[in-house]
Structure formats: C-alpha cells, structure tokens
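Letter by letter, the chains look like this.
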Amino acid sequence: MAGDTTLSENYAFAGVYHVFDQHTDSAVPKVQFAHDDRHLLACCSLDGTISVCRLAPGPPAVLRVLRGHGGGVADFAWSLSNDVLVSASLDGTLRLWAPADGRCIRRVPDPDGAALLCCAFQPLNNNLTVVSDTRAVLSPPPHAPPGPLGASWVPPAS
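All values derive from a computational prediction rather than experimental measurement.

How each quantity is defined
Every chain's residues receive numbers from 1 upward, in the order its sequence appears when written. At least 70 in pLDDT is required for a residue's local features to be given in this predicted model, at least 80 for side-chain atom pairs to be given and counted, and no such filter applies to totals for whole chains, interfaces and linings, which use all residues. Side-chain numbers here rest on the full set of heavy atoms in the structure, without hydrogens or water. In DSSP terms, a helix is any run of H or I states spanning at least four residues, a strand is any run of E spanning at least two, and both are numbered starting from the N terminus. The classification of residues rests on relative accessible area computed with a 1.4 Å probe and restricted to protein chains. Under 20% of the type maximum is buried, over 50% is exposed, and intermediate values are partly exposed. Here a residue-residue contact requires only that any non-hydrogen atoms of the pair lie within 4.5 Å. In these tables, accessible area is a Shrake-Rupley quantity obtained with a 1.4 Å probe, and a residue counts as shielded only by the protein chains included in the view. Count a disulfide wherever a pair of cysteine sulfur atoms falls within 2.5 Å. Side-chain rings of Phe, Tyr and Trp (the six-membered ring for Trp) are treated as a pair once their centres are within 6.5 Å; stacked means planes under 30 degrees apart, edge-to-face means over 60, and tilted covers the remaining angles. Look at NZ for Lys and CZ for Arg. If either is within 6 Å of the ring centre and within 35 degrees of the ring normal, a charge sits over the ring. Whenever a nitrogen or oxygen atom comes within 3.5 Å of another N or O atom, the pair is scored as a polar contact, on the condition that within protein one atom can donate a hydrogen and the other can accept it, and that pairs from neighbouring residues in sequence are kept only if both atoms are in side chains.

Novice: Describe the overall build of the protein chain, and please don't skip the residues or the numbers.
Specialist: Summing up its helical and strand segments, the protein chain has 1 helix and 12 strands in all. When the helices and strands of the protein chain are placed in sequence order, the string is α-β-β-β-β-β-β-β-β-β-β-β-β. Counting every position in the protein chain, which comprises 158 residues, the buried fraction comes to 38%. Sequence-distant contacts in the protein chain: of pairs separated by 6 or more residues, those separated by 24 or more amount to 36%. For the protein chain, the exposed area adds up to about 8,900 Å²; of that, 57% sits on carbon and sulfur atoms.

As structure tokens, then:
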C-alpha cells in the first residue's frame, strides 16, 4: 500500500467522473492515465478516435479528440514522457500523435493491411511493440534516429 494507508483508504473514492460522452455509439476498449500524472488520461474508441482528458483542476474535460483512423482504435499507449501517444487501429495503421496539440506525427500502415490489435512502448527506450493478425513486426530501420519516429515494418526472421 502507498505510505501508511490501509487498503480501504487507498480505494476510498471521492467521486466518479463521466467524461466519455463523445463515444456514445461505440465501445471504449481502453482507458489509461498518463505516466506520473493522475489528472491526464486518454481513452480509445471503436469509433476511430482517441480522447485526451483532464480530470483536474476544474471540472473534468475532454482536451482534444484525435481523429484520423479509418477504423476502430483497438489500443493505445503513452510514451514515457507523455509527449507521444501511439495508437493501433483495426484499419491496419499505427499512428503516432502529439497529444499536446492533437497532431498526427506519423502514420505507419501494416504492409498486408491487417488489423493492428495492441501496442506498447518499451519503458526503457520508447521502442514500439505492435501486435497484429499478420506476421510483420514493427522495428526501427538501420541508421534510424532513436525513438519511435524512425519506425518501419519488417518481416520477422524465419
């Protein structure tokens, strides 16, 4: 437990926030807080969007809705510094986003057009892992700059 608190003190809810009204017709498969930030969170939706929300200060609010995927967003992940979001979509694309202003930094299509199911940043160096229903994997090309922006698709070793 955190500090000298009991289990019931750690899970004593002060209130419930309902900030996901923009996804009324589609499921929200994931909600995740940003790293080391208890007020910033995002959720992805099968409507093809990601909502970035702030819970405090002030009333909870949707800061921006990231749009661009042509299919449902199955998963997303925050980079360690929270300056990049990666999203995996059923439309067969991975997108890197700047959550501060909502820009799509990069779009990476699956070479076979397969649905992308989940994604994660490796916590030590921000390399990406992406899972799809095809045999390709995402890895940096030779001589790529460090970090997620130098990513490309390559087939796995046999």
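Further notes follow.
Novice: Please provide a residue-by-residue account of the state of the cysteines, values included.
Specialist: Taken as a whole and assessed by the stated rule, the structure comprises 0 disulfides. No disulfide involves C43; its sulfur sits 5.2 Å from that of C53, the nearest cysteine. Summary of cysteine pairing: C44 is not part of a disulfide, and the nearest cysteine sulfur, belonging to C43, is at 7.2 Å. For C44, a relative accessible area of 0% gives the class buried.

Novice: Break down the packing of aromatic side chains for me, with residues and values.
Specialist: Applying the stated criterion across every chain yields a total of 0 aromatic pairs. When the ring centre of F76 is taken as reference, the NZ or CZ atom of K30 above it lies at 5.1 Å.

Novice: Lay out the side chain of S45 with the relevant residues and their values.
Specialist: Mapped onto the secondary structure, S45 falls in the loop between β2 (40-44) and β3 (50-54). A polar contact is formed between the side chain of S45 and the backbone oxygen of A27, at a distance of 3.3 Å.

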